[in-house]
Amino acid sequence: MSRIDEAIGMAAKKNSGQFPLYNKSKENVWEETSSTLLLAAYQQIEPHHVDNPLLIPLVDPNGFAAEQFRKLRSIIIQKTGQKGFDNTLLVTSAVSGEGKSLTAVNLALSLAMLAEYSVVFVDIDLRNPQLHQLLDIKTEYGLVHYLRDEIPVEKIITKVGLGNLSIIPAGESVADPLNLLTSQRMKNLVRDLKGRYPDRYVLFDAPPALPFADMQVLGELVDNIIYVCREGHSTMGQIRQGLEALSDNNILGIVCNDMNLSLRMEY
């Protein structure tokens with residue numbers, strides 16, 4: 001059994017909805033805090049097009065994985081509404097390949113299926129953008145064009161016809177996006193998206209916490225961070241380093257994906 005399995009099992013036995021998460025003592029990456037376990041158990045495969053099986057709320061709305069995302073949605077709605085409405089959420093992971101983009105897009109779809117909420121999903125992983133591939137959508141402009149070329153924000157937001165979901169794709173990949181992501185225009189965009197509508201969630205698919213410095217800046221722009229771990233992919237050292245890099249920000253909880261589905265009966 002992996003260390004992630006052990007941590008999940010420990011959390012399940014507590015029956016309290018809590019998950020052992022990073023503590024700033026930095027002595028133990030799984031030291032217990034009051035953060036919530038955000039569980040999404042699904043198989044990880046490569047995305048190809050809009051009807052691919054990874055878009056779980058669309059292709060298998062009654063399945064086990066879709067139910068996990070509904071649970072995740074409920075937890076997030078409950079926790080982000082405790083002090084007003086903390087509606088900006090950033091999804092990241094320690095390293096690439098952990099399923100953060102897949103988690104983010106399925107969470108966005110799940111939230112957008114509710115009549116009382118709208119969702120803007122923003123791809124800010126400018127080195128390796130995934131949103132346009134996951135949804136098989138081509139747009140003329142994206143975030144890079146807004147930040148670099150000063151294209152108006154109205155031209156980069158696209159309503160996709162999937163519930164109340166709108167997207168801002170990356171537009172194109174950038175080898176070194178830090179100057180764009182730390183610009184005043186980026187801060188203005190986050191502030192505008194957060195405040196324009198009282199019923200809107202804004203989800204950011206962010207780059208991994210390691211090895212780049214992007215997340216140290218981006219984490220300060222949002223209300224909460226969701227941290228994604230893929231079973232058997234990242235090492236405990238990488239998970240620890242990623243959490244340490246985010247320790248100054250508000251980590252809402254952890255999503256564990258690509259889990260051994262035999263664990264599901266423990267919940």
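In case you missed it, the structure is sitting above this.
A quick note: this is a predicted structure, and the numbers were derived from the prediction, not measured.

Novice: Could you give an account of the state of the cysteines, with specific residues and numbers?
Specialist: Within the structure shown, the criterion is met by 0 disulfides. Summary of cysteine pairing: Cys229 is not part of a disulfide, and the nearest cysteine sulfur, belonging to Cys256, is at 5.7 Å. For Cys229, a relative accessible area of 1% gives the class buried. Of the residues examined, Cys256 reaches a relative accessible area of 1% and is grouped as buried.

Novice: Explain the pattern of salt bridges residue by residue, including any values.
Specialist: Pairing of side chains with opposite charge becomes possible as their charged atoms draw close. With the rule as written, the count across this model stands at 9 salt bridges. Put simply, Arg70 and Glu67 hold a salt bridge, and the shortest N to O gap is 2.9 Å. A residue pair is termed a helical-turn pair when its members lie 3 or 4 positions apart in one helix, as Arg70 and Glu67 do in helix α3 (residues 64-80) at 3 residues. Of the residues examined, Glu67 reaches a relative accessible area of 32% and is grouped as partly exposed.

Novice: Can you break down the nonpolar core residue by residue, with the values?
Specialist: Counting 42 residues, the largest nonpolar core has Leu90, Val122, Ile124, Leu143, Met186, Phe204 and Tyr227 as the members making the most contacts within it. Those residues within four positions of Ile124 in sequence are excluded, and the remaining contacts are Leu90, Leu143, Leu181, Met186, Phe204, Asp205, Ala206, Pro207 and Leu218. Core analysis: the second largest hydrophobic core is formed by 35 residues, Ile56, Leu89, Leu102 and Val160 among them.

Novice: I'd love a proper account of the packing of aromatic side chains, names of residues and values included.
Specialist: Applying the stated rule across the entire model yields 3 aromatic pairs. Relative to Tyr201, the ring of Phe85 has its centre 4.9 Å away and its plane inclined at 85°; by these criteria the two rings are edge-to-face. On the criterion of sequence distance, the pair formed by Phe85 in the loop between α3 and β3 (88-93) and Tyr201 in strand β7 (residues 200-205) is long-range, its members being 116 residues apart. What makes Tyr201 buried here is its relative accessible area of 0%. The ring of Phe212 carries the charged tip of Arg127 above its face, separated from the ring centre by 3.6 Å. Arg185 extends its terminal NZ or CZ atom over the ring of Tyr146, reaching a point 3.9 Å from the ring centre.

Novice: Explain the packing of α3 against helix α4 (residues 100-112) to me, and be specific about the residues and the numbers.
Specialist: Relative orientation of the contacting elements α3 and α4 amounts to 75°, with a least axis distance of 9 Å. In terms of orientation, α3 and α4 fall into the roughly perpendicular class. Residues Phe69, Arg70, Leu72, Arg73, Ile76 and Ile77 of α3 lie in contact with α4, whose contacting residues are Thr103, Asn106, Leu107, Ser110 and Leu111. Split by residue class, the contact of α3 with α4 holds 6 nonpolar, 3 polar and 2 charged.

Novice: Give me the side chain of Asn249: which residues, what numbers.
Specialist: With respect to the helices and strands, Asn249 occurs in the loop between α10 (236-245) and β9 (251-257). Judged by relative accessible area, which is 17%, Asn249 ranks as buried. Non-local contacts of Asn249, meaning those with residues more than four positions away in its chain, are made with Met215, Gly219, Glu220 and Ile225.

Novice: Lay out the environment of Glu98 in plain terms, naming residues and giving numbers.
Specialist: Turning to its location among the elements, Glu98 is positioned in the loop between β3 and α4. Residues Glu98 and Asn257, spaced 159 residues apart in sequence, show a C-alpha to C-alpha distance of 7.8 Å. Excluding anything up to four places from it in sequence, Glu98 contacts Ser93, Val228, Cys229, Arg230, His233, Ser234 and Asn257. Separated by 2.9 Å, the side chain of Glu98 and the backbone nitrogen of Arg230 make a polar contact.

Novice: A description of the side chain of Arg200 should follow, citing residues and the corresponding values.
Specialist: Tracing the sequence through the fold places Arg200 in strand β7. Of the side chains with opposite charge, Asp199 lies nearest to the buried Arg200, which makes no salt bridge, at 6.3 Å. Excluding its chain neighbours within four sequence positions, the residues that come into contact with Arg200 are Phe85, Asn87, Ser118, Val120 and Leu193.

Novice: Outline α4, listing residues and values.
Specialist: Within an α-helix, residues lying three or four positions from one another point in the same direction, as the helix has 3.6 residues per turn. Over its 13 residues, α4 extends 18 Å from the first C-alpha to the last, a length consistent with the 18 Å expected when each residue adds 1.5 Å. In terms of residue burial, α4 counts as a mostly covered element, since 13 of its 13 residues are buried.

Novice: Tell me about α10, residues and numbers included.
Specialist: Among all positions in α10, only Met236, Ile239, Gly242 and Leu243 are buried. Looking straight down α10, one finds its buried side chains confined to an arc of 125°; they lie on one side.

Conventions we followed
- Residues numbered from 1 in each chain as written.
- Predicted model: local features only at pLDDT ≥ 70, side-chain atom pairs only at ≥ 80, totals over all residues.
- Heavy atoms only, no water.
- Disulfide = S-S within 2.5 Å.
- Buried < 20%, exposed > 50% of the residue type's maximum accessible area, 1.4 Å probe, protein only.
- Salt bridge = Lys/Arg side-chain N within 4 Å of Asp/Glu carboxyl O.
- Helix = DSSP H or I, 4+ residues; strand = E, 2+ residues; numbered from the N terminus.
- Core = buried A, V, L, I, M, F, W, Y, C linked by side-chain atoms within 4.5 Å.
- Contact = heavy atoms within 4.5 Å.
- Phe/Tyr/Trp six-rings, centres within 6.5 Å; stacked < 30°, edge-to-face > 60°.
- Lys NZ or Arg CZ within 6 Å of the ring centre and 35° of its normal.
- Axes fitted to C-alpha atoms, helices over the stretch in contact; angles between N-to-C directions.
- Parallel < 35°, antiparallel > 145°, perpendicular 65-115°, else oblique.
- Nonpolar A, V, L, I, M, F, W, Y, C, P; charged D, E, K, R; others polar.
- Polar contact = N/O pair within 3.5 Å; in protein donor to acceptor, adjacent residues only side chain to side chain.
- Lys, Arg positive; Asp, Glu negative; His and termini not counted.
- Expected span 1.5 Å × (residues − 1).
- Arc of directions from axis to C-beta.

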